[in-house]
Amino acid sequence: MQRHYFLAVKLTNEIKLKLAEICNRTKNEHHFKTWVHPEDFHITLAFLGAASSEQLQTLHKLLNEELSITENNFSLQINRFGFFGNEQHPRIFWAGVEEEHCLYNLQKQVAYVCEKVGFQLDKRPYAPHITLARKHIESDHIAVDSQQWWNCYGENVSFIADEIVLYETHVDKQPKYHVIHSYSF
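So, how was this worked out
Residues numbered from 1 in each chain as written. Predicted model: local features only at pLDDT ≥ 70, side-chain atom pairs only at ≥ 80, totals over all residues. Heavy atoms only, no water. Helix = DSSP H or I, 4+ residues; strand = E, 2+ residues; numbered from the N terminus. Rg over C-alpha atoms; globule rule 2.2 N^0.38 Å. Buried < 20%, exposed > 50% of the residue type's maximum accessible area, 1.4 Å probe, protein only. Contact = heavy atoms within 4.5 Å. Areas by Shrake-Rupley, 256 points an atom, 1.4 Å probe, with all protein chains shown as cover. Lys, Arg positive; Asp, Glu negative; His and termini not counted. Charge placed at Lys NZ, Arg CZ, Asp CG, Glu CD. Pairing = 2+ DSSP bridges. Salt bridge = Lys/Arg side-chain N within 4 Å of Asp/Glu carboxyl O. Core = buried A, V, L, I, M, F, W, Y, C linked by side-chain atoms within 4.5 Å. Expected span 1.5 Å × (residues − 1). Polar contact = N/O pair within 3.5 Å; in protein donor to acceptor, adjacent residues only side chain to side chain. Axes fitted to C-alpha atoms, helices over the stretch in contact; angles between N-to-C directions.

Asker: Explain the overall build of the chain residue by residue, including any values.
Answerer: Along the chain, the regular secondary structure elements total 4 helices and 9 strands. The C-alpha atoms of the chain give 17 Å as radius of gyration, which agrees with the globular expectation for 185 residues (16 Å, within 12%). Taking all 185 residues of the chain together, 45% fall into the buried category. Summarising the internal contacts of the chain: among those between residues at least 6 apart in sequence, 78% fall at separations of at least 24. Per element, the accessible surface of the chain, about 10,000 Å² overall, is 48% carbon and sulfur. Taking the average place of the 18 positive charges on the side chains of the chain and the average place of its 23 negative ones, the gap between the two points comes to 6 Å.

Following this line, the structure appears as structure tokens:
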């Protein structure tokens with residue numbers, strides 16, 4: 001089976017635990033086919049797909065160089081929920097972070113390096129989020145309301161972003177994302 005890779009902001013263990021608590025409260029009343037394992041919570045910066053060992057070595061070298069000139073760490077605040085897909089049966093339930101220019105700058109730096117190495121990245125505008133669950137399976141046909149869910153289950157939580165990681169995906173395992181390299185900034 002071919003491995004897939006992506007780069008992401010690593011969340012602290014405290015944030016992962018807090019998000020797991022929020023998910024546990026939410027899943028008592030709302031049903032999804034899959035809830036993300038707490039160790040798999042992250043904020044994606046660039047999905048790479050398949051990669052050769054040469055690409056990964058070059059990526060590692062260039063990321064180390066690029067991140068050595070990155071601004072210092074920065075604070076992020078989880079401050080809302082959202083959904084991707086149909087309002088009655090969304091594909092993805094996520095937690096969003098307050099807009100922070102440092103995060104967008106970091107994503108641009110990472111994308112620049114990835115494209116330099118030859119990866120074809122998603123061209124859609126960057127939408128930072130933390131996936132919490134996939135494939136809504138409620139039996140009623142009432143549209144989901146992210147603000148109502150946030151009011152019921154959400155909690156503003158802040159953390160310091162100071163590390164990105166290269167993850168390898170193992171779809172047959174739990175947790176399914178495994179750290180290959182870590183990059184502090």
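Asker: Quick one: what's the story with the pairing of strand β3 (residues 42-49), residue by residue and with numbers?
Answerer: Across the 8 residues that make up β3, a large majority, 6, are buried. In this sheet, β3 lies alongside strand β1 (residues 4-10) in antiparallel orientation, the contact comprising 6 bridges. Counted as the bridge partner of Ala8 is Thr44 from β3.

Asker: Break down the pattern of salt bridges for me, with residues and values.
Answerer: Scanning all chains against the criterion turns up 6 salt bridges. Across the pair Lys16 and Glu39 runs a salt bridge, and its minimum N-O distance is 3.6 Å. Separated by 23 residues along the polypeptide, Lys16 in helix α1 (residues 13-27) and Glu39 in the loop between β2 (32-35) and β3 bring together distant segments of the chain. Assessed through its relative accessible area of 4%, Lys16 is described here as buried.

Asker: I'd love a proper account of the nonpolar core, names of residues and values included.
Answerer: Formed by 54 residues in total, the largest nonpolar core has its most connected members in Leu19, Leu48 and Leu59. If one sorts the elements of this core by residue count, helix α3 (residues 101-117) sits on top with 8 residues. Residue contacts for Leu19: discarding those within four places in its chain leaves Leu11, Phe41, Ile78, Ala95, Ile130 and Leu132. Counting 5 residues, the second-largest nonpolar core is a separate cluster that includes Ala8, Val165, Tyr167 and Tyr177.

Asker: Tell me about α3, residues and numbers included.
Answerer: The periodicity of an α-helix, 3.6 residues per turn, causes residues three or four places apart in sequence to face the same way. Between the first and last C-alpha of α3 there are 25 Å, a value that for 17 residues agrees with the 24 Å anticipated at 1.5 Å per step. Inspection of α3 places Cys102, Leu103, Leu106, Gln107, Gln109, Val110, Ala111, Val113, Cys114 and Val117 among the buried residues, and these make up the whole buried set. On its buried face, α3 is in contact with β1, β3, α2 (53-67), β4 (74-85), β5 (90-97) and β8 (163-169). Just downstream of α3 lies Gly118, where phi reads positive at about 110°.

Asker: Account for the side chain of Gln107, naming residues and giving values.
Answerer: Relative to the helices and strands, Gln107 is located in helix α3. For Gln107, a relative accessible area of 15% puts it in the buried group. A polar contact is formed between the side chain of Gln107 and the backbone oxygen of Leu45, at a distance of 3.2 Å. If sequence neighbours within four positions are ignored, Gln107 has contacts with Leu45 and Tyr126.

Asker: Got a sec to walk through the sheet that holds β2? Specific residues and values, please.
Answerer: Taken in spatial order, the 5 strands line up as β2-β6-β5-β4-β7 in an open sheet, and their pairing is antiparallel. The open sheet has two edge strands with one neighbour each: β2 and β7 (157-161). Taking the axes of each pair of neighbouring strands and ignoring which way they run, one obtains an average angle of 35° across the sheet. Examined bridge by bridge, β2 and strand β6 (residues 129-136) share 3 bridges and lie antiparallel to one another. Residue pairing in the sheet places Thr34 in a bridge with Arg134 of β6. Helix-sheet contacts for helix α4 (residues 146-153) involve β2, β4, β5 and β6, and the interaxial angle to β4 is about 130°.

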